[in-house]
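Each chain, letter by letter, is given below.
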Amino acid sequence: MPESLYDTLGVKKGASADEIKKAYRKLARQYHPDTNQGDKAAEERFKQVQTAYDVLSDDEKRKAYDRFGSTNGRGAPGPGPGGVNVDFGDLGDLGDIFGNIFGNVRGGGRRARPQPVRGADVETEVRLSFEDSLRGAEAKVPVELTVACSQCGGTGAEPGTAPVICPECNGRGVVSESQGLFALSQPCPRCRGNGTVIEKPCSKCHGSGRERRRRTFTVKIKPGVKDGTQIRLKGKGEVGQHGGPSGDLIVVTRVESSPTYERRGDDLIVQVPVSFPTAALGGKVEVPTPEGVVSLKIPAGSEDGKLLRIKGRGAPKLAGKGKGDVLARVRIQVPKRVNKKERELLEELQKAVG
Ligand SMILES: [Zn+2]
Ligand SMILES: [Zn+2]
């Protein structure tokens, strides 16, 4: 979230002119380049404090800022994407009608600036072993992103300079012309509605305030994620425009399949070979689970394909607490070769069951 100019100065929105001045003096001293030589972050902060004070100490500019929520493309977010940032002022209901007819026409000669645009969401994938998907992991996720320029901090102005109030529109962002009953306003062609112009563009981003950069995020992957689980990192996507918030980074987990388990919801299915006598008479078999081998009782008369449930040994549940189950599927083993003794026993059994 970009901070508001009030946040920059650390004052409340309703702060008095005096409070604003005091806050500014304190911060200006703290971040002044003379006392922070070579400290880029302090320099950047100093500029932000200057800009904030420039707007908030001027009644007109402050009013406009309060109304439209943004100046220099880095104020508080105004209306979201698709939001309407048009004020028809005294036109009242007529505004709608004229708005529809003239489209871009704004009434009242009020300040109109480019609408804040939220940055795009970015999707990327992260590969995980089946084991890691169950126990959770920390993954480094590299992404190529458009971010605020590292040299100018997104202002587009060469460091040491700041955007200045547009001389064409005096910072209003609009120019008006009278047409009959109404004064029609258009976005100022010089500053394109920004209200400020950059006299010396940043040498790195050529004034765009943005750059492409490879960033690596460390993503905490919760135990129990599935193939295709989406992890949303708020505000880590593409940078917004005109003070709009950044988009999100969506990390999609790609989980390798396991040679042992098949995942079904939060349950894990495992095939368990059971000898014919054990299936018929009952007995015990060893079943692998993610936390070690478990001894499972096979009831007498178990048929091939029967599912036996081992509670709470499955995958951790992403929503809520606890774990799914391990489902052991009985796979009756038919002997391919039998020795003499076994043959006699089986023949006897064959006679008995018919
Ligand atoms: Zn730049
Ligand atoms: Zn202008």
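Residues numbered from 1 in each chain as written. Chains lettered and ligands numbered in written order. Predicted model: local features only at pLDDT ≥ 70, side-chain atom pairs only at ≥ 80, totals over all residues. Heavy atoms only, no water.

(A) Representation of the coordination of the zinc ion (ligand 1). The protein atoms that coordinate the zinc ion (ligand 1) are Cys149 (SG), Cys152 (SG), Cys202 (SG) and Cys205 (SG), at distances of 2.3 Å. Here the zinc ion (ligand 1) binds four donor atoms, and the angle range of 102 to 116° at the metal identifies the geometry as tetrahedral. Here the donor residues for the zinc ion (ligand 1) map to a single chain with the spacing C-x2-C-x49-C-x2-C. With a gap of 53 residues between them, Cys149 in the loop between strand S2 (137–148) and strand S3 (164–165) and Cys202 in the loop between strand S6 (196–197) and strand S7 (210–221) connect regions that are remote in the sequence. This pair shows no difference in class: Cys149 is buried, exactly as Cys202 is. (Donors = N, O, S within 2.8 Å, 3.2 Å for Na, K, Ca; no water. Tetrahedral: all angles 85-135°; square planar, octahedral: opposite > 155°, others 65-115°. Helix = DSSP H or I, 4+ residues; strand = E, 2+ residues; numbered from the N terminus. Buried < 20%, exposed > 50% of the residue type's maximum accessible area, 1.4 Å probe, protein only.)

(B) Quick look at the pattern of salt bridges. Summed over the entire model, instances satisfying the criterion amount to 22 salt bridges. A salt bridge links Arg309 to Asp267; the shortest N-O distance between them is 3.9 Å. Residue Arg309 is found in strand S14 (residues 307–310), and its partner Asp267 is found in strand S11 (residues 267–275); the two are separated by 42 residues along the sequence. What makes Arg309 partly exposed here is its relative accessible area of 48%. Each of Arg118, Asp121, Arg232, Lys234 and Asp248 takes part in a single network of salt bridges with overlapping partners. (Salt bridge = Lys/Arg side-chain N within 4 Å of Asp/Glu carboxyl O.)

(C) Just the coordination of the zinc ion (ligand 2), in detail. Surrounding the zinc ion (ligand 2) are the protein donor atoms Cys166 (SG), Cys169 (SG), Cys188 (SG) and Cys191 (SG), which sit 2.3 Å from the metal. Classification of the site at the zinc ion (ligand 2) as tetrahedral follows from its four donor atoms and the range of 103 to 115° in their angles at the metal. Note on Cys166: relative accessible area 0%, which makes it buried.

(D) Structural context of the pairing of S11. Sheet topology note: the strand S10 (residues 261–264)/S11 ladder contains four bridges and is antiparallel. Looking at S11, one finds that Glu262 is bridged to Ile269. With eight bridges joining them, S11 and strand S15 (residues 326–333) adopt parallel strand pairing. Within the sheet, the bridge partner assigned to Pro273 lies in S15 and is Arg331. (Pairing = 2+ DSSP bridges.)

(E) Broad picture of the sheet that holds strand S8 (residues 230–233). Spatial ordering of the open sheet is given by S1-S9-S8, a layout of three strands whose pairing is mixed. Single-partner strands in this sheet number two, and they are strand S1 (122–128) and S8. Here the average twist between neighbouring strands, direction ignored, is 25°. (Axes fitted to C-alpha atoms, helices over the stretch in contact; angles between N-to-C directions.)

(F) Geometry of the sheet that holds S10. Read across the open sheet, the four strands follow the order S10-S11-S15-S14; overall the sheet is mixed. Bordering the open sheet on either side are S10 and S14, each of which pairs with just one other strand. Here the strands of the sheet are splayed against their neighbours by 35° on average, with no regard to which way each runs. As defined by bridge partners, S14 adjoins S15 across four bridges and the pair is classed as antiparallel. Looking across to S15, one finds that Arg309 is bridged to Leu327.

(G) Looking closely at the packing of aromatic side chains. Going through the model one piece at a time under the given rule, you end up with three aromatic pairs. Geometrically, the ring pair formed by Tyr6 and Tyr65 is tilted, given 6.1 Å between the ring centres and 45° between the ring planes. Of this pair, Tyr6 sits in helix H1 (residues 5–9) while Tyr65 sits in helix H4 (residues 59–68), and the two are 59 residues apart along the sequence. For the pair Tyr6 and Tyr65, one class covers both residues: buried. The interplanar angle of 20° and the centroid separation of 6.1 Å between the aromatic rings of Phe130 and Tyr261 together place this pair among those described as stacked. Here Phe130, found in helix H6 (residues 130–135), pairs with Tyr261, found in strand S10; they are 131 residues apart in sequence, far enough to count as distant. Just as Phe130 is buried, Tyr261 falls in that class too. (Phe/Tyr/Trp six-rings, centres within 6.5 Å; stacked < 30°, edge-to-face > 60°.)

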